[in-house]
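Fold and contact review
These are the residues of each chain, in order.
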Amino acid sequence: MKKFFLLAFALCYLNAAHYELETLKKYENSIAKDYYIYRLLQKKSLEKKEVQNLHSHIFRYVGVLKKELDKLAPLKPYVNSKYAKCYTYTKDTILDANATCQSVRLNSLNFIASLTPDTRKVLAKNLPNSSTLLLAFNEKNPMNYIVKKEDANAFFKYFNYSKKTDFELNANFVNKLTTQDSFKNFAQNIIIKKENAKFAESLLEVNASRVKEDTAFYLGVNALVFEEEDLAYHFFKSAYESFKQKANQDNALFWLWLIKKDEKHLKELAKSQSLNIYSLYARELTNAPFVELKVLKAPDTKSKFDMSNPFAWQELARRIRNADVNELKRLEKEFKTQSTLPIYALIKEKIDKKNYFIMPYFEYIKDYDVKRQALILAIARQESRFIPTAISTSYALGTMQFMPFLANHIGHKELKIANFDQDFMFKPEIAYLFANHHLNYLEKHLNSPLYVFYAYNAGIGFTTRLLKRNDMFKEGKYEPFLSMELVPYQETRIYGKKVLANYIAYRHLLNDNIKILDIFENLIQNTQTQANKS
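Residues numbered from 1 in each chain as written. Predicted model: local features only at pLDDT ≥ 70, side-chain atom pairs only at ≥ 80, totals over all residues. Heavy atoms only, no water.

Looking now at a negative patch on the surface. A contiguous patch of negative charge on the surface is contributed by E168, E201, E205, E227 and E228. Look at E201 and you get partly exposed, because its relative accessible area is 41%. (Patch = residues over 30% accessible without salt bridge, like charges linked within 9 Å, V, L, I, M, F, W, Y side chains within 5 Å. Areas by Shrake-Rupley, 256 points an atom, 1.4 Å probe, with all protein chains shown as cover. Salt bridge = Lys/Arg side-chain N within 4 Å of Asp/Glu carboxyl O. Lys, Arg positive; Asp, Glu negative; His and termini not counted. Charge placed at Lys NZ, Arg CZ, Asp CG, Glu CD. Buried < 20%, exposed > 50% of the residue type's maximum accessible area, 1.4 Å probe, protein only.)

Quick look at helix α23 (residues 370-383) now. Taking 1.5 Å per residue as the helical rise, α23 with its 14 residues ought to reach 20 Å, and the 20 Å between its terminal C-alpha atoms agrees with that figure. Within the span of α23, buried status applies to R372, Q373, A374, L375, I376, L377, A378, I379, A380 and R381. Looking at the buried residues of α23, the elements they touch are α22 (341-352), β2 (356-357), α25 (428-445), α26 (449-458) and α29 (490-509). With a side-chain oxygen lying 3.1 Å from the backbone nitrogen of K371, the N-terminal cap of α23 falls on D369. A positive phi of about 55° marks R385, the residue just after α23. (Helix = DSSP H or I, 4+ residues; strand = E, 2+ residues; numbered from the N terminus. Expected span 1.5 Å × (residues − 1). Contact = heavy atoms within 4.5 Å. Polar contact = N/O pair within 3.5 Å; in protein donor to acceptor, adjacent residues only side chain to side chain.)

Over the atoms rolls a probe the size of a water molecule, and its path tells where empty space is left. Looking at the largest pocket, its volume works out to about 1,200 Å³. Lining the largest pocket are 38 residues, and of these A247, S274, L275, N276 and K498 sit closest to its centre. When residues of the lining of the largest pocket are traced back to their parent elements, those giving at least two are α13 (183-193), α15 (213-225), α17 (246-260), α19 (277-285), α22, α23 and α29. Tallying contributions element by element places α29 first for the lining of the largest pocket, with seven residues. Tallied by class, the residues present in the lining of the largest pocket amount to 13 nonpolar, eleven polar and 14 charged. Quantified by volume, the second largest pocket comes out at close to 640 Å³. Around the second largest pocket, the lining is made up of 27 residues, and of these Q401, M403, Y456, N457 and A458 lie nearest the centre. Breaking the lining of the second largest pocket down by element, the ones donating at least two residues are α23, α24 (404-414), α25, α26 and α29. (1 Å grid on protein atoms, 1.4 Å probe; cavity = no way out; pocket = protein on both sides within 12 Å on 5 of 7 lines; lining within 4 Å. Points joined across faces, edges and corners; volume = space filled by probe spheres on them. Nonpolar A, V, L, I, M, F, W, Y, C, P; charged D, E, K, R; others polar.)

Our focus in this paragraph is the UniProt feature "domain: Transglycosylase SLT" (unreviewed entry) in the chain. Taken from the UniProt record, the annotation "domain: Transglycosylase SLT" (unreviewed entry) applies to residues 372-473. Counted over residues 372-473, helix gives 59% and strand 0%. Its end C-alpha atoms are 24 Å apart. (UniProt positions renumbered as here; feature names shortened; annotations may be inferred.)

Turning our eyes to something else, we now look at unusual backbone geometry. Backbone torsion omega between E479 and P480 reads 5°, so that peptide bond is classified as cis. Along the chain, P480 turns up in the loop between α27 (460-468) and α28 (481-485). In the Ramachandran plot, Q401 falls in the positive-phi region, its phi being about 50° despite a non-glycine side chain. If you trace the backbone, Q401 turns up in the loop between α23 and α24. Even without being glycine, N511 reaches a positive phi, approximately 55°. Mapping N511 onto the fold places it in the loop between α29 and α30 (516-521).

Let us now look at the side chain of R381. Here R381 lies in helix α23. A polar contact of 3.1 Å, which involves the side chain of R381, links it to the side chain of N502. When neighbours within four sequence positions are excluded, R381 is seen to be in contact with E349, N355, Y356, F357, F386, N502 and Y506.

Axis separation between α23 and α26 bottoms out at 12 Å; the angle between their running directions is 40°. Taken together, the axes of α23 and α26 lie oblique to each other. Two packed elements cross with a definite hand, and for α23 against α26 that hand is right-handed. In this structure, α23 uses L375, I379 and E383 to contact α26, whose residues at the interface are P449, F453 and Y456. Grouping the constituent residues of the contact of α23 with α26 by class yields five nonpolar, no polar and one charged. (Axes fitted to C-alpha atoms, helices over the stretch in contact; angles between N-to-C directions. Parallel < 35°, antiparallel > 145°, perpendicular 65-115°, else oblique. Left-handed = near helix turned anticlockwise from the far one by under 90°.)

Right, let's talk about the environment of I410 for a bit. Here I410 shows up in helix α24. Owing to a relative accessible area of 1%, I410 belongs among the buried residues under this scheme. Distance in space between the C-alpha atoms of I410 and K271 is 44 Å, their sequence separation being 139 residues. The residues contacting I410, other than those within four sequence positions of it, are F402, L415, K416, F434, H437 and H438.

What follows concerns the domain arrangement of the chain. Looking at the assigned domains, one finds that the chain contains domain 1 (21-72), domain 2 (82-150), domain 3 (166-242), domain 4 (293-356) and domain 5 (359-522). Domain 1 and domain 5 are separated by 31 Å when their C-alpha centres are compared. Interface of domain 1 and domain 5: buried area, both sides summed, is about 810 Å²; carbon and sulfur atoms make up 57% of it. Among the residues of domain 1 in contact with domain 5, I31, Y35 and R39 are the three that bury the most area, contributing 59% of the side total. (Domains from an automatic or database assignment. Buried area = accessible area lost by both parts, 1.4 Å probe.)

In this structure the tally under the stated criterion is 45 aromatic pairs. Seen in terms of ring centroids, Y19 and F311 are 5.1 Å apart; in terms of plane orientation they differ by 75°. Their pairing is edge-to-face. Of this pair, Y19 sits in the loop between α1 (2-11) and α2 (21-25) while F311 sits in helix α20 (residues 310-322), and the two are 292 residues apart along the sequence. The pair Y19 / F311 is uniform in exposure class, with both members buried. Look at F217 and F243: their rings are 6.3 Å apart centre to centre, the planes differ by 55°, and that puts the pair in the tilted class. Linking F217 in helix α15 with F243 in the loop between α16 (229-242) and α17, this pair joins segments that are 26 residues apart in sequence. Its relative accessible area of 3% is what places F217 among the buried residues. You can call F243 buried: its relative accessible area is 7%. (Phe/Tyr/Trp six-rings, centres within 6.5 Å; stacked < 30°, edge-to-face > 60°.)

When the sulfur atoms of two cysteines share a covalent bond, that bond is a disulfide. Scanning the model with the defined rule gives one disulfide in all. A sulfur-sulfur separation of 2.1 Å characterises the disulfide bridge that pairs C86 with C101. Here the S-S torsion is close to -70°, and the disulfide linking C86 with C101 is therefore left-handed. Highlighted residues: C86 in the loop between α5 (63-72) and α6 (99-105) and C101 in helix α6, separated in sequence by 15 residues. Under the relative-accessibility criterion, C86 is labelled buried at 2%. Note on C101: relative accessible area 7%, which makes it buried. (Disulfide = S-S within 2.5 Å.)

As structure tokens, then:
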């Protein structure tokens, strides 16, 4: 407690970096530059005239930055000059347009919906490729008409326009859908969101030999939801044989074992050198030794590189991203210091194609219990690779990637730090302090490290709603593993698995081994959300 107050006291005297617009303009366009321009906009520090000439300095004109810029100087939507005239035609004059302009306007289903039935009939004769969609809007049930015509392209367009429709599809048409690029996202959304039960059941008609990788994998998940185990096995086998990344292969191989309980699958999985929750579990079940972890160390020397400068990191990250092998090896020597250990590890991973486990800034968490140390290290490794000045595309900040709203809430409202600024999150000691504080809160409400990781990524509201559902993380033949594949947000679903593997690894490195089986068993929620820690 004394250490906390000393650190909180020290925070009062920190100064956040403040950049004027003219200074920012001198930097190359980057996420860091966008972030500081956004801060100026938030503080109402820019005039309309300044913003009007600012778009060329923006790296990513999206999200909250776009919203703030548009308040003062909205950028007109880009329209190809070749087709600009097409947009002058309205629902009343579209028949006067040439075929090219008619096609351009019919890309919008809202525009098609605004037309009269007679206009749609005329356009359907002029544009055979669009006729199914046009005439479908003249029917009481447009999707039923599209399915009868077996028009796969029109099917996906109309589904994206109106997702409420749901009915059984015949096997021939379902397999025709698999040939379209849109099928992957369609299938995953249907399976994960569980809002179109008849479409989902129709997916059981897909021929497993026609699909691969993620599509095949999620069709396997769908088959298990409908208790079609043999079919699921064939889908997972197709996924396993087509996946290129070892971690994905291991995930599919795990399901092959779980369905058939064939020991050869488990033994093969236990031999995997990929660190993931499935290979770790297989090693545990077969009493195989823990996977060899690559621990990286560096001389305790100082580097001239400024680890506290977001712009310096953005420039270096660009160099690392574009570097050839010779340049990477030169950078490896330059950053092989304890003060730049996170950067050294990143460069080594790119050269060696291996995953390294490091514990930078450990002095700031050495007094925490081992479980908390492992939680923080596991999250930091996934969030930022321990880069102190990392900034995400959504402006999450620092080693622990705190969103500004959460950092400000904790800093001002909960820890009541005088003169707190969100840029303090670029200091590792502060990032770890805030993470510890936030984890105290999350662990009061969630009884598993995996649920804590879900909440860290997607929020505690999302996680508690997830656990209150009657179809997630309850008793079942394939639980908790099936629910882990059905977590609604893809980012959170993947994040939870990766950070859990990190957590098991850091518990091992900290000589505090934990069985992953115990974590899996504790994921089953027999009642509503269990509030107490195990």
